[in-house]
Amino acid sequence: MTAWAWILVQRVTDELAGRITSGELAPGAPVPTEAELQNTHSIQPAQAYWIWRQLQKRRLAHMTRGRVLVVGPPGEQWPSMWTPPIERRIAEVVGVLARRIRAGEIAVHERVATQEQLRSEFGISREVATEVRYRLEDLGWAYSIPHYGIFAAPADEWPVQGGGE
């Protein structure tokens, strides 16, 4: 993504964040879909996707089980006995990687793993590997640099003991 495209992502994200914090978009209200963002702001699909990700990272919106982005931080999770197997697998892999980061096996600012490495080591699909990487970032264990990968975050950004493990 070019620098100008990224600046536009930040501008639209800031605009939506303002609408959320002002109450114009109330808790529980759906965030404009990626298609709506594309049409309204004349942006590319990847930019709309990153706007959604930024809102989630700022904890201004969260994805529902129906894959709808709604205003507000994630609420009560569904009971663990109902947690889909794929969700459990994501949590397991995130836990392993978080423990490696905490133990220093993956150094601060070191690449956590490529998608292929995750797929090979844990026997997971591309989609699950992608979600693992996003979850690490959302929890504070890692940060991403577009087109370069995901890297272990400094200790002051990690969740409190037990978070994400």
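Owing to the predicted nature of the structure, the values given are computational and were not obtained by experimental measurement.

Engineer: What should I look at first to understand the overall build of the protein in this one?
Structural biologist: Counting its regular elements, the protein contains 6 helices and 4 strands. Listed N to C, the secondary structure of the protein is α-α-α-β-β-α-α-α-β-β in terms of helices and strands. Considering the protein as a whole, with its 165 residues, one finds that 37% of them fall into the buried category. Across the protein, contacts joining residues at least 24 apart in sequence account for 54% of those joining residues at least 6 apart. When the accessible surface of the protein is split by element, carbon and sulfur atoms take 55% of a total near 9500 Å².

Engineer: Teacher, can you tell me more about the nonpolar core here?
Structural biologist: By size, the foremost hydrophobic cluster in this structure holds 24 residues, and its most contacted members are Leu97, Ile101, Val112, Leu118, Ile124, Val132 and Leu136. Here the element with the most residues in this core is helix 4 (residues 85–103); it accounts for 6 residues. Val12, Ile51, Leu60 and Ala61 belong to the second largest nonpolar core, which has 18 residues in total.

Engineer: Could you clarify how one ought to interpret the side chain of Arg53 in this entry?
Structural biologist: Looking at the secondary structure, you find Arg53 in helix 3 (residues 45–57). Every residue in contact with Arg53, bar those within four places of it in the chain, is listed here: Tyr134, Glu137 and Asp138.

Engineer: What is the right way to look at the packing of aromatic side chains in this model?
Structural biologist: For any pair of aromatic rings, the description rests on two quantities: the centre-to-centre distance and the angle between the ring planes. A complete count under the given rule lists 5 aromatic pairs for this structure. Ring geometry for Tyr49 and Trp50: centres 5.6 Å apart, planes at 80°, overall edge-to-face. Residue classification places Trp50 among the buried positions, given a relative accessible area of 15%. For the pair Trp141 and Trp158, a centre-to-centre distance of 5.3 Å together with 40° between the ring planes defines the contact as tilted. Residue Trp141 is found in the loop between helix 6 (126–139) and strand 3 (142–145), and its partner Trp158 is found in the segment after strand 4 (149–152); the two are separated by 17 residues along the sequence. Looking at Trp158, the relative accessible area reads 18%, which means it is buried. Among the aromatic residues, ring-to-ring pairing joins Trp6, Tyr49, Trp50 and Tyr134 into one connected group. Note that Arg53 overlies the ring of Tyr134, its terminal NZ or CZ placed 4.0 Å from the centroid.

Engineer: Explanation requested: helix 6 in the structure shown.
Structural biologist: Because each turn of an α-helix spans 3.6 residues, side chains separated by three or four positions in sequence point in the same direction. In this model helix 6 runs 20 Å from its N-terminal to its C-terminal C-alpha over 14 residues, within 8% of the 20 Å that 1.5 Å per residue would give. Those residues of helix 6 not exposed but buried are Val128, Ala129, Val132, Tyr134, Leu136 and Glu137. One or two positions beyond helix 6, positive phi appears at Gly140, with a value near 100°.

Engineer: Honestly, the pairing of strand 3 in this entry has me stumped. Any pointers?
Structural biologist: Every other side chain in a regular strand lies on the same face of the sheet, so the side chains alternate between the two faces. Summarising the sheet, strand 3 and strand 4 pair through 4 bridges and their orientation is antiparallel. Opposite Tyr143, over in strand 4, you have Phe151 as the bridge partner. Where strand 3 folds back on strand 4, the antiparallel hairpin that results is connected by 3 residues, among which His147 adopts a positive phi of roughly 75°.

Engineer: Could you clarify how one ought to interpret the side chain of His62 in this entry?
Structural biologist: For His62, the location among the structural elements is in strand 1 (residues 61–63). A polar atom in the side chain of His62 sits 2.7 Å from the backbone oxygen of Gly72.

Calculation notes
- Starting from 1, residues in each chain are numbered consecutively following that chain's sequence as written.
- Predicted model: local features are reported for residues with pLDDT of at least 70 only, side-chain atom pairs are reported and counted for 80 or more only, and whole-chain, interface and lining totals are derived from all residues.
- Working from all heavy atoms in the structure, the side-chain values ignore hydrogens and water.
- Where helices and strands are cited, they refer to DSSP runs of H or I of at least four residues and of E of at least two residues respectively, numbered from the N terminus.
- Each residue is assigned to one of three classes by its accessible area relative to the maximum for its type, calculated with a 1.4 Å probe on protein chains only: buried under 20%, partly exposed between the two thresholds, exposed over 50%.
- In this description, contact between two residues means that some pair of their heavy atoms is separated by no more than 4.5 Å.
- Only the protein chains shown count as cover for residues, and the accessible areas themselves come from Shrake-Rupley with a 1.4 Å probe.
- To qualify as a nonpolar core, a set must consist of buried Ala, Val, Leu, Ile, Met, Phe, Trp, Tyr and Cys residues joined through side-chain atoms within 4.5 Å.
- Two rings from Phe, Tyr or Trp (for Trp, the six-membered ring) form a pair when their centres are within 6.5 Å of each other. A pair whose planes differ by under 30 degrees is stacked, one over 60 is edge-to-face, and the rest are tilted.
- Lysine NZ or arginine CZ positioned within 6 Å of the ring centre and within 35 degrees of the ring normal marks a charge as sitting over the ring.
- For a helix, the expected span equals 1.5 Å multiplied by the residue count minus one.
- Between any two strands, at least two bridges found by DSSP are needed for them to pair.
- In protein, a polar contact means a hydrogen-donor-capable atom and an acceptor-capable atom, both N or O and within 3.5 Å, with residues adjacent in sequence counting only if both atoms are side-chain atoms; elsewhere, any N or O pair within 3.5 Å suffices.

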